[in-house]
Amino acid sequence: MAAEQRKRDSVGMRMEGCRTNNGFVLNEDIAEPDPCEPGSSRDPPQPNAAAAVSVAASPEPGAQEPYAGMPKEVLFRFSGRARYRVPRELLFWLVVVAVCLLVAATVTIIAVSPKCLDWWQAGAMYQIYPRSFKDSDKDGNGDLKGIQEKLDYITTLNVKTVWITSFYKSSLKDFRYAVEDFQEVDPIFGTMKDFEDLVAAIHDKGLKLIIDFIPNHTSDKHTWFQLSRTRTGKYTDYYIWHNCTQENGITIPPNNWLSVYGNSSWHFDEVRKQCYFHQFLKEQPDLNFRNPAVQEEIKEIMQFWLAKGVDGFSFDAVKFLLEAESLRNEIQVNQSQSPDTVTNYSQLYHDFTTTQVGMHDIIRDFRQTMNQYSREPGRYRFMGTEASAESIGRTMMYYGLPFIQEADFPFNHFLAMLNTLSGNNVYDAITSWMENMPEGKWPNWKTGGPDTSRLTSRLGNQYVNAMNMLIFTLPGTPITYYGEEIGMGNILVTNSNESYNTNTLASKSPMQWDNSSNAGFSESNYTWLPTNSDYHTVNVNVQKMEPSSALKFYQDLSKLHASELLLSRGWFCLLRNDSHAVAYTRQMDGIDRVFIVVLNFGESSMLLNLQDMMAGLPTWLPVRLSTNPASKGSKVDTRGVPLERGEGLILEHNTDTLPHHQAAFRNKCFVSNRACYSGALDLLYSLC
Amino acid sequence: QSSKDLGLLETSTNCILLHTQVGLLSGICIIVGTIIGSGIFISPKPVLANTEAVGPCLIIWAACGILATLGALCFAELGTMITKSGGEYPYLMEAFGPIPAYLFSWTSLIVMKPSSFAIICLSFSEYVCAAFYASCKPPHVVVKCLAAAAILVLTTVNALSVRLGSYVQNVFTAAKLVIVVIIIISGIVLLAQGELRQERMGWGKVWMVSLWPRLTWNSLCILRVVLNSRNLPLAIIIGIPLVTVCYILMNVSYFTVMTPTELLQSQAVAVTFGDRVLYPASWVVPLFVAFSTIGAANGTCFTTGRLIYVAGREGHMLKVLSYISVKRLTPAPALIFYGIIATIYIIPGDINSLVNYFSFAAWLFYGMTFLGLLVMRFTRKDLERPIMVPIVIPILVTVTSVFLVLAPIISEPAWEYLYCVLFILSGLIFYFLFVYYKFGWAQKISKPVTMHLQMLMEVVPPEKDPE
């Protein structure tokens, strides 16, 4: 048996290819080369061995005692004893068991690990209006290179994602909606090379980039439209054309549909002698999404940007993608009104021009295209949808169905649309989202955007810190529009030849960087929009130095959000609402701490009795973070937490009875992805 | 039972010796197989990103390949002149005496080798676990559990049977070569379809930085393999440029589907490549990369086991480390020691920094080895040198090594380098206490320990002292 085993050993060794000789070789430098012919190795090596043994006989052949360095004859006399054999066997099996246990532990941990937060969940998004962020070439317009210059600033905000709104080659001066070429950067923002550099720089900083995508329509200067109006080949049906009559310069449209900006959404084209449909301006003809060729074109454009390394899209105006083929008239809000006078968009119910059957299928199709680019590890492509002015129910449709993936989230504008603040309306905005959101989905909170008035101007600048605290302590992804972190306000645009609607420009003023001219936005003597006059006090440079500034507070919040599991993926329980204040808790199983967030959105200062809202609170709770720098590190009385107008506090409560286990908070608690934390192993697990 | 004896070891040793006369082709195969590490699949971490034109880049490439070849040739001379195992140890011993040799084995046995073993196993583990954590880093616990399991399995396998160990090695080396060939071929196919964009070429030097150390590093163990081969210089001269060509071709393959920035930002370049080119069979790449990583870890078991064994034999470590398993004919104590130390290195938070700082120590010893070659040209003229390289070559590589030792210290001075030096020198304390003076009380402790360990592991001293 043993001899056979050996034979196999030596034969095996000789047969091995490349690496044989890395095996353990004892005496390479044996002087006498004793070539081992194929035959000799098959012989039992016994004689050889015997000779070797006699040569290397131990110095004390008769010794009965073991000694260090003993040869095998002596060794075998003792090593078979139970006191050596048993531990030897034991140790060997211990190693085997240890390997099994380690592998089992690995498999178990992997199996019970909850799905980890993807990059779009892990940190805040920072939305940039590129024309107003930073001008690098002194033409008074912000550009992509400018954004790249300011990436260091963006990293100090601890945000994860940069969101750049539309920068496509566009004919409209507002640069937002009328795209002439989806695969070109508008010259005002730079070149494609600038964009590629920006993508690389953003990724180098560990950030992600999402961009706007506007599938619904193009500019009337777009090649497709030019080819479509001349009925050229496949482009004939790229847009929505219908016969209509024109008499004496007055068009009689096919139906009563209205454009978002008022008046008929049909426009007569002199070249094609037909009407085309436009949901927005007449310079923005709607693409015909019922045409598969158009869908393919759009997908190709998506692939173009995904291949450039873009990490996701914000799909704009998707509810307008499809319109009813029947062209039925939409119903008037006020039935008694004469149909001729109905010109305002709000005077119709838009049952046949928005959210048509099949629209979600198109978006899910987009999702599939994006998934093809999401396979590489860490390269998930994010999909967000703009669903402004939609009901909460319709908004939630964009989250998809349990088995059909759609948007990662529709952007949540409900906080950005609040024009007055109170405990109740903030509470409603939160609960309506959290209660309607499908289970397991991920919320998000937006305080502003290019199309809404700046927070300071809308609500008052004493609420800047409280609103930032709100979005960073609610569950989900906080989204910040540029300038909101320093509390920039609206500008008054009185005369501008730049846009169709001066109101939409109010929140697009140049970013306020420092005290220098044009707030450090541009070195030219002209900027496309005037700088807000408050830029001497409200700017990045000043706030960087000032410990109690909005910017510092924003950084503290984003740091806390990144470092505390409670905030990034913990439970969220709403406490009873109050007409002035909003109070809620964040906690996680396995962490014996609860964050209690209280925010006063009322008009005046108040005392909030937390003990009424939550049982088992100690009288005094320490403040973890406060909008008022003075109260940092202090303690507050839970029987009456003093809150100034617009003040917010994060209180830290050490307890092991977490609110979401309590009956009192049933139906008041939410979690997107249930996970528990094990402090001993520093890992999350889902079995709890 | 008792019929299993050490005679076999001798027999098989002779066979192995006989077998070292590998043909030119297998010699080249060994060189290519061992030099290409898993780095080319994973990430060009040690990269300084600056764009340059294709021309200068290729020149730097060629220069690196040449330098590496020269370094390997120096080792060829040393290896054929002093035919003893144990890495640089016997060369340093021969050239400078026991103290530098002792410090070398001290540093490499306690820090460099086990920590790199641990690192390789950790990266294997991270690689495997990452597949299950799509969007975030796997928790440390998981990575460490699997890495520890890998270390235990590898050391056990190698301690149980040389044959099994080398079998494992062959399989994984083959896996590595397969994936290299897959990547190169698919790159060529893509290239034929005209996918390569000229501007991407400039980044070929990405890999250069990691190429040169890797080449020399591994030439050590290659030389063990093809020792005494008349084909050795030829194998080196063909093999190493071939590796360089492989590297360039793999880079070209990567550049056919990735921009330079994507390449730099990819967590695992080969996986990205697989995702884009081989889909839906893209799972092949991570699987094979994991194989090649574990193969690399297994390879260190081979070479380091020997190093520890030699140090033990010379009395520079506990004697018991040089003993051989009676039944299994493996250097079991050395391997177990290696495994234990490596497992200890897994436990603390981050050992990457440790390895980084000690890489300068590696270069220090390389430099000393090359210097030793020069010194022995004058002190040991009598030794037979089957291969004798022109004296310019060792001078050149010595200067390069000195540069590589000093460059990181001068460009980024850090206290850690001083700690490394102190650690290396602290070996002297042990040297004088236990090796030089051999205090009686040290013997009193080590003797019973050795005895009991011997009986526990069933190991005995090697029969014939090679010296």
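Note that the coordinates shown come from a computational prediction; the quantities given were computed from them, not determined experimentally.

A. Spatial organisation of the overall build of chain A. Helix and strand counts for chain A come out as 20 helices and 28 strands. By sequence separation, contacts in chain A at least 24 residues apart represent 68% of the contacts at least 6 residues apart. For chain A, the exposed surface amounts to about 28100 Å²; the carbon and sulfur share of it is 53%.

B. Inspection of the confidence of the model for chain B at higher detail. Residues and elements named next belong to chain B. Residues at a pLDDT of 70 or more form 75% of chain B, whose mean pLDDT is 74. In the model of chain B, helix 1 (residues 6–19) stands out as the element of lowest mean pLDDT, 28, in contrast to helix 7 (residues 140–160), which has the highest, 91. Counted against residues more than four places away or in other chains, residues 1–21, with its pLDDT under 50, gives 60 contacts. Segment residues 44–54 is flagged for pLDDT under 50; beyond a separation of four residues in sequence, or across chains, it makes 19 contacts in the model.

C. Region of the structure containing a nonpolar patch on the surface. All names here are of chain B. A cluster of nonpolar side chains, Ile-99, Ile-429, Phe-430, Phe-432, Phe-434, Tyr-436, Tyr-437, Phe-439, Trp-441, Ile-445 and Val-449, forms an exposed patch at the surface whose accessible area comes to about 1100 Å². The set of elements that each furnish at least two residues to the nonpolar patch consists of helix 17 (415–436) and helix 18 (440–457). At five residues, the largest contribution of residues to the nonpolar patch is made by helix 17. Tracing the backbone through its elements, the reader meets Phe-430 in helix 17.

D. Layout of the packing of helix 7 of chain B against helix 13 (residues 284–313) of chain B. Residue and element names in this part refer to chain B. Two elements in contact, helix 7 and helix 13, have axes whose closest approach is 10 Å; the angle formed by their N-to-C orientations is 45 degrees. One finds that helix 7 runs oblique with respect to helix 13. The hand of the helix 7/helix 13 crossing is right-handed. Taking contact as the criterion, the partners of Ala-150, Leu-154, Thr-155 and Asn-158 in helix 7 are, on helix 13, Ile-294, Ala-297, Asn-298, Cys-301 and Phe-302.

E. Quick look at the packing of aromatic side chains. Residues and elements named next belong to chain A. The final tally for this structure, using the stated rule, is 53 aromatic pairs over all chains. Plain terms: the ring middles of Phe-213 and Phe-315 are 5.3 Å apart, the flat faces sit at 65 degrees to each other, and that makes the pair edge-to-face. Placement of Phe-213 in strand 5 (residues 208–213) and of Phe-315 in strand 11 (residues 312–315) is noted, with a sequence separation of 102 residues between them. When its relative accessible area of 0% is taken as the criterion, Phe-315 is described as buried. Pairing Phe-280 with Phe-320 gives two aromatic rings, centres 5.0 Å apart and planes at 80 degrees, and the pair type is edge-to-face. Of the two residues, Phe-280 sits in the loop between strand 10 (274–277) and helix 11 (292–307) while Phe-320 sits in the loop between strand 11 and helix 12 (359–371), which places them 40 residues apart along the sequence. Pair check on accessibility: Phe-280 and Phe-320 agree, each one buried.

F. Spotlight on helix 13 of chain B. All names here are of chain B. Compared with the 44 Å implied by 1.5 Å per residue over 30 residues, the 44 Å span of helix 13 between its first and last C-alpha is a close match. Most of helix 13 is tucked away, with 25 of its 30 residues classed as buried. Of the residues one or two after helix 13, Gly-315 is the one with positive phi, at around 80 degrees.

G. Representation of the pairing of strand 25 (residues 648–654) of chain A. Residues and elements named next belong to chain A. Most of strand 25 sits out of view: six of its seven residues are buried. Of the pairings in the sheet, the one linking strand 20 (residues 593–600) to strand 25 comprises seven bridges and is antiparallel in character. If you follow Ile-596 over to strand 25, its bridge partner there is Leu-651. In this structure, strand 22 (residues 620–626) lies alongside strand 25, joined through three bridges in antiparallel fashion. If you follow Leu-625 over to strand 25, its bridge partner there is Ile-650.

H. A look at the side chain of Asp212(A). All names here are of chain A. Structurally, the position occupied by Asp-212 is in strand 5. Its relative accessible area of 1% is what places Asp-212 among the buried residues. Within the structure, the side chain of Asp-212 is placed 3.4 Å from the backbone nitrogen of Ser-166, a separation counted as a polar contact. Polar contacts involving the side chain of Asp-212 include one to the side chain of Ser-314, which spans 3.5 Å.

I. Local environment of the packing of helix 7 of chain B against helix 14 (residues 332–346) of chain B. Residues and elements named next belong to chain B. Across the interface, helix 7 lies against helix 14 with an axial gap of 9 Å and an inter-helix angle of 175 degrees. What the angle tells us is that helix 7 and helix 14 run roughly antiparallel. Facing Lys-144, Ala-147, Ala-148, Ile-151, Thr-155, Asn-158 and Ala-159 of helix 7, the residues of helix 14 in contact are Ala-332, Leu-335, Gly-339, Ala-342, Thr-343 and Ile-346. Of the residues in the contact of helix 7 with helix 14, the class split is eight nonpolar, four polar and one charged.

J. Region of interest: the pattern of salt bridges. All names here are of chain A. With the rule as written, the count across this model stands at 29 salt bridges over all chains. Of the charged contacts, one joins Lys-234 and Glu-297 as a salt bridge, the two residues approaching to 3.5 Å between their closest N and O atoms. Of this pair, Lys-234 sits in the loop between helix 10 (223–229) and strand 6 (241–242) while Glu-297 sits in helix 11, placing them 63 residues apart in sequence. Look at Glu-297 and you get buried, because its relative accessible area is 12%. One salt-bridge network, in which partners are shared between bridges, spans Glu-564, Arg-593, Arg-624 and Glu-652.

K. Structural detail: the sheet that holds strand 1 (residues 125–128) of chain A. If you walk across this open sheet you meet the eight strands as 15-12-11-5-2-1-17-16 (chain A), and the pairing is parallel. Either end of the sheet is taken by a strand with one partner, and the two such strands are strand 15 (409–410) and strand 16 (444–446) of chain A.

L. Geometry of the state of the cysteines. Under the definition given, this model contains three disulfides over all chains. In this model Cys116(A) forms its disulfide with Cys136(B); the gap between the sulfur atoms is 2.1 Å. Handedness of the Cys116(A)-Cys136(B) disulfide follows from its S-S torsion of about -105 degrees: it is left-handed. One end of the pair, Cys116(A), is in the loop between helix 5 (82–112) and helix 6 (119–122); the other, Cys136(B), is in the loop between helix 6 (98–130) and helix 7, on a second chain. A sulfur-sulfur separation of 2.0 Å characterises the disulfide bridge that pairs Cys573(A) with Cys669(A). Around the S-S axis, the bridge from Cys573(A) to Cys669(A) shows a dihedral of about 110 degrees and counts as right-handed. Within this pair, whereas Cys573(A) is found in strand 18 (residues 571–574), its partner Cys669(A) is found in strand 26 (residues 669–670), the two being separated by 96 residues in sequence.

Calculation notes
Residues numbered from 1 in each chain as written. Chains lettered and ligands numbered in written order. Predicted model: local features only at pLDDT ≥ 70, side-chain atom pairs only at ≥ 80, totals over all residues. Heavy atoms only, no water. Helix = DSSP H or I, 4+ residues; strand = E, 2+ residues; numbered from the N terminus. Contact = heavy atoms within 4.5 Å. Areas by Shrake-Rupley, 256 points an atom, 1.4 Å probe, with all protein chains shown as cover. pLDDT = per-residue confidence, 0-100. Patch = residues over 30% accessible without salt bridge, like charges linked within 9 Å, V, L, I, M, F, W, Y side chains within 5 Å. Salt bridge = Lys/Arg side-chain N within 4 Å of Asp/Glu carboxyl O. Axes fitted to C-alpha atoms, helices over the stretch in contact; angles between N-to-C directions. Parallel < 35°, antiparallel > 145°, perpendicular 65-115°, else oblique. Left-handed = near helix turned anticlockwise from the far one by under 90°. Phe/Tyr/Trp six-rings, centres within 6.5 Å; stacked < 30°, edge-to-face > 60°. Buried < 20%, exposed > 50% of the residue type's maximum accessible area, 1.4 Å probe, protein only. Expected span 1.5 Å × (residues − 1). Pairing = 2+ DSSP bridges. Polar contact = N/O pair within 3.5 Å; in protein donor to acceptor, adjacent residues only side chain to side chain. Nonpolar A, V, L, I, M, F, W, Y, C, P; charged D, E, K, R; others polar. Disulfide = S-S within 2.5 Å.

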